[in-house]
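A closer look at the structure
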Amino acid sequence: MSVTTPRGFTAAGVTAGIKASGRPDLALVVNNGPNAHAAAVFTSNAFKAAPVQWSMQVVADGRLAAVVLNSGGANACTGRDGLADARQMAEWTAGGVGCEVTDVAVCSTGLIGVRLPMDKVLAGIELAAQDLSDEGGDAAAEAIMTTDTLPKLAEYHSDQHWAIGGMAKGAGMLAPGLATMLVVLTTDAAVPSEQLDAALRTATSFTFDRTDSDGCMSTNDTVIALASGAAGVEPDADEFTEALTGVCHSLATQLLADAEGSAHDIAVQVTGAASEDDALAIARAIARSNLFKCAVFGNDPNWGRVLAAAGTVPATFDPEHVDVSFNGVGVFVDGQLGADRSEVDLSAREVSVELNLHAGEATATIWTNDLTYDYVKENAEYST
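Below or above, wherever it landed, is the structure these notes cover. Nothing here was measured: the structure is a model prediction, and the numbers come from that model. Numbering of residues starts from 1 in each chain and follows the order in which that chain's sequence is written. In keeping with the model being predicted, local features are shown solely for residues with a pLDDT of at least 70 and side-chain atom pairs are shown and tallied solely at 80 or more, while totals for entire chains, interfaces and linings include all residues. Side-chain metrics rest on all non-hydrogen atoms present in the structure, leaving aside hydrogens and water.

In this section: the packing of helix α1 (residues 50–58) against helix α2 (residues 79–97). The relative placement of two packed helices comes down to the angle between their axes together with the axis-to-axis distance. Between the N-to-C directions of two axes lies an angle of 0 to 180 degrees, each axis being a line fitted to C-alpha atoms and, for a helix, fitted only over the stretch in contact. Secondary structure counts use DSSP, requiring at least four H or I residues in a row for a helix and at least two E residues in a row for a strand, with both numbered from the N terminus. α2 packs onto α1 with a crossing angle of 55° between their chain directions and a minimal axis gap of 8 Å. Classified by the interaxial angle, the pair formed by α1 and α2 is oblique. Relative to α2, α1 is oriented so that their crossing is right-handed. Facing α1, whose interface residues are Ala 50, Pro 51, Gln 53 and Trp 54, α2 presents Gly 82, Leu 83, Ala 86, Arg 87 and Ala 90. Throughout this entry, Asp, Glu, Lys and Arg are counted as charged residues, while Ala, Val, Leu, Ile, Met, Phe, Trp, Tyr, Cys and Pro are counted as nonpolar. The remaining residues, Gly among them, count as polar. Within the contact of α1 with α2, the residues separate by chemical class into six nonpolar, two polar and one charged. Angle categories are assigned with fixed cut-offs, so that under 35 degrees is roughly parallel, over 145 is roughly antiparallel, 65 to 115 is roughly perpendicular, and the rest are oblique. When the near helix sits turned anticlockwise from the far one by under a right angle, the crossing is termed left-handed; a clockwise turn instead gives a right-handed crossing. Residues count as neighbours in contact if any of their non-hydrogen atoms are within 4.5 Å of one another.

Okay, here's the thing in structure tokens:
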């Protein structure tokens, strides 16, 4: 049930008619308390969508009672009118669920540069407010899908009788910028907003911020966490952060597995780095190499693409003493030719690539996917 797994939450997903396809396109998630603690992280893109600008303002006090989300239109780069539309969505939601307008976050996803059909949005909000249910999490997750082929859901149950639930959408433009895609996380643990914010930033930094499908950052990226306190349990801060990170990791891997047209899920791990920053920068450079991604699509363990991408990063290591392996097979060892490429089997969906720099103890992993014909077709035809 995703976001309605923890106590104190209701949700709904409805068809408002925003999408021409007639598929569900508007969702509500409501925190019924007793607490209304919240935290969020947002895209670092300079062209922040109107709902991002609105939500950044209202979550600043660490409180949210509801989140309204629509698919079928991003409400991005729509100027003052778009900002007014985002506020209007919050006002309508506040009226429908009985909370303050400044306690409503707004999320939108879809095509950039198009105004939302606000008459349909209003009808959808009214319908969703009537349909709110503690079993509505699955419907809400379906309603925020765009090019996704399936909803993304995750949950965690503590032995101490508190839980975390989550839903996410995203199948393209999966590149980190503090947050990524649209994600709503809920918990019935009694977690103060400051602790929730710290846990969320840690969780996103190790999961969504290291999920890099295509190197393209959205204008609408938002991750929101809500804490109802309905379980009446105050969890250990480290335990809660670990659990939240696990839920985020599950959602991130689901997003990657559904990336537009992808045929391989690739873990790019850099080990033996002089610093974590070096490891991250090199792993990200490899993950964003179109040549590398195309090679994996062709089941080619082309370690030359790995080295070429790594060499663009001003990091500390000796190029004469590095190793590269694909799925555990060392194809380049200590700066020399290793096993023949024919020994590497890339036919399975899961692919592991490791680059050992032998320059220190730091390590980092970036998760990505291959670049396929279907990805090009999907995005060539996106606005049509």
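Throughout this description, buried means an accessible area under 20% of the type-specific maximum (1.4 Å probe, protein chains only), exposed means over 50%, and partly exposed covers the range between. For strand β4 (residues 66–71), the tally of buried residues reaches six of six residues, placing the bulk of the element in the interior. Neither face of β4 is open: one carries Ala 66, Val 68 and Asn 70, the other Val 67, Leu 69 and Ser 71, and all of them are buried. Between the parallel pair β4 and strand β5 (residues 104–109), the chain is carried across by α2, and the sense of this crossover is right-handed. A crossover counts as right-handed when, viewed with the strands pointing away from the observer, the path leading from the first strand over the helix to the second turns clockwise.

Nonpolar side chains tend to gather and get buried jointly when the protein is soluble and globular. Membership of the largest hydrophobic core comes to 52 residues, with the highest contact counts inside it found for Leu 26, Leu 69, Met 167 and Leu 226. In these notes, a set of buried Ala, Val, Leu, Ile, Met, Phe, Trp, Tyr and Cys residues joined through side-chain atoms within 4.5 Å is what counts as a nonpolar core. In terms of nonpolar packing, the next biggest core, distinct from the first, is built from 34 residues, Val 268, Ala 285, Ala 315 and Ile 366 among them.

Look at helix α3 (residues 118–131): 20 Å from first C-alpha to last across 14 residues, which is about the 20 Å you get at 1.5 Å a residue. Restricting attention to buried positions, one finds in α3 the residues Met 118, Val 121, Gly 124, Ile 125, Ala 128 and Ala 129. Along the long axis of α3, the arc covered by the buried residues comes to 130°, so they all point the same way. When the buried face of α3 is taken as reference, the exposed residues oriented beyond 90 degrees from it are Asp 119 and Gln 130. Contacts from the buried residues of α3 go to β1 (9–14), β2 (26–31), β4 and α2. To estimate the expected span of a helix, subtract one from its residue number and multiply by 1.5 Å. Note: the arc covers the axis-to-C-beta directions of the helix.

In this section: unusual backbone geometry. Here the residue pair Gly 33 and Pro 34 is connected by a cis peptide bond, since its omega of 20° sits within 30 degrees of zero. Tracing the chain through its elements places Pro 34 in the loop between β2 and β3 (37–42). Notably, His 161 is not glycine yet its phi reads approximately 70°, a positive angle. Looking at where His 161 falls in the secondary structure, it is placed in the loop between β6 (152–157) and β7 (163–169). For His 161, a relative accessible area of 60% gives the class exposed. Here the phi dihedral of Asp 334 falls at roughly 50°; this positive angle occurs in a residue that is not glycine. By the element assignment, Asp 334 lies in the loop between β12 (329–333) and β13 (336–337). The exposure class of Asp 334 is partly exposed, given its relative accessible area of 38%.

It is at 8 Å that the axes of helix α7 (residues 276–287) and helix α9 (residues 303–310) come closest, and there the two elements cross at 130°. By the angle between their axes, α7 is oblique relative to α9. As for the relative orientation of α7 and α9, their crossing is right-handed in sense. Within the contact between the two elements, α7 uses Ile 282, Ala 285 and Ile 286 and α9 uses Val 306, Ala 309 and Ala 310.

To continue, consider the sheet that holds strand β11 (residues 323–326). Ordered by their spatial adjacency, six strands build an open sheet running β13-β12-β11-β14-β10-β15, and the pairing between neighbours is mixed. A strand with exactly one partner marks an edge of an open sheet, and here the two such strands are β13 and β15 (362–369). Bridge count for β12 against β13 is two bridges, and the pairing is antiparallel. Looking at the pairing, Phe 332 lines up with Leu 337 of β13. Along the sheet face, helix α6 (residues 237–257) touches β10 (265–273) and β15 and points at about 45° away from the line of β15. Only strands joined by at least two bridges in the DSSP assignment are considered to pair.

Moving on, we come to the sheet that holds β5. Reading across from one edge, β1-β2-β4-β5 is the order of the four strands in this open sheet, with mixed pairing throughout. Strands with a single pairing partner mark the edges of an open sheet, and in this sheet they are β1 and β5. Each strand of the sheet is rotated relative to its neighbour by a mean of 10°, with strand direction disregarded. Together, β2, β4 and β5 form the strand contacts of α2, whose direction differs from that of β5 by roughly 125°.

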